[in-house]
Amino acid sequence: FLVPMRESTNSVLPVLTTEEIRSVFSTVEIIRSLNSKLLIGLRERADSWPGLQDLGSLFLEMTPYLKLYAQYIQNFASGAVTLSHAS
């Protein structure tokens, strides 16, 4: 959804303005990247499960980035309002 909306900002009738896109999607791209890294880490640990039972270290590595999830959640209501006004 994000890429087509960004591309539409260059058209005569954009779906959303650049600022509205920022409001609606917030930190979702960064969160998606973090989720991918988390998934890779979980798969690596699952593949070597009997020998390596260390999920905690993976989450400790992610700790500095967890605030991005909080930021997304805090912005969710505002983004939903922006989206409802745009439709």
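Use the structure listed above.
In this text the structure is predicted, and so the values were computed from the model without any measurement.

When you look at the environment of Ser48 in this model, what are you seeing that I'm missing?
Mapped onto the elements, Ser48 comes out in the loop between helix H3 (28–47) and helix H4 (55–62). Assessed through its relative accessible area of 30%, Ser48 is described here as partly exposed. C-alpha of Ser48 to C-alpha of Leu83: the two residues are 35 residues apart in sequence and 44 Å apart in space. A distance of 3.2 Å separates a polar atom in the side chain of Ser48 from the backbone oxygen of Glu44.

It is not clear to me how the packing of H3 against helix H5 (residues 66–86) should be interpreted in this structure. Could you clarify?
Axis angle and axis distance: for two packed helices, these are the angle between their axes and the distance between the axes, and together they describe the pair. One can describe the packing of H3 onto H5 by two numbers: an axis separation of 10 Å at closest approach and a directional angle of 140°. The pairing of H3 with H5 is recorded here as oblique in orientation. Seen along the crossing, H3 lies across H5 with a hand that is left-handed. Touching Val28, Ile30, Ile31, Leu34 and Asn35 of H3 are Leu68, Tyr69 and Tyr72, all from H5. In the contact of H3 with H5, the residues fall into 7 nonpolar, 1 polar and no charged.

Procedures and definitions
Residues numbered from 1 in each chain as written. Predicted model: local features only at pLDDT ≥ 70, side-chain atom pairs only at ≥ 80, totals over all residues. Heavy atoms only, no water. Helix = DSSP H or I, 4+ residues; strand = E, 2+ residues; numbered from the N terminus. Buried < 20%, exposed > 50% of the residue type's maximum accessible area, 1.4 Å probe, protein only. Polar contact = N/O pair within 3.5 Å; in protein donor to acceptor, adjacent residues only side chain to side chain. Axes fitted to C-alpha atoms, helices over the stretch in contact; angles between N-to-C directions. Parallel < 35°, antiparallel > 145°, perpendicular 65-115°, else oblique. Left-handed = near helix turned anticlockwise from the far one by under 90°. Contact = heavy atoms within 4.5 Å. Nonpolar A, V, L, I, M, F, W, Y, C, P; charged D, E, K, R; others polar.

Any functional reading would require information beyond the geometric quantities listed.
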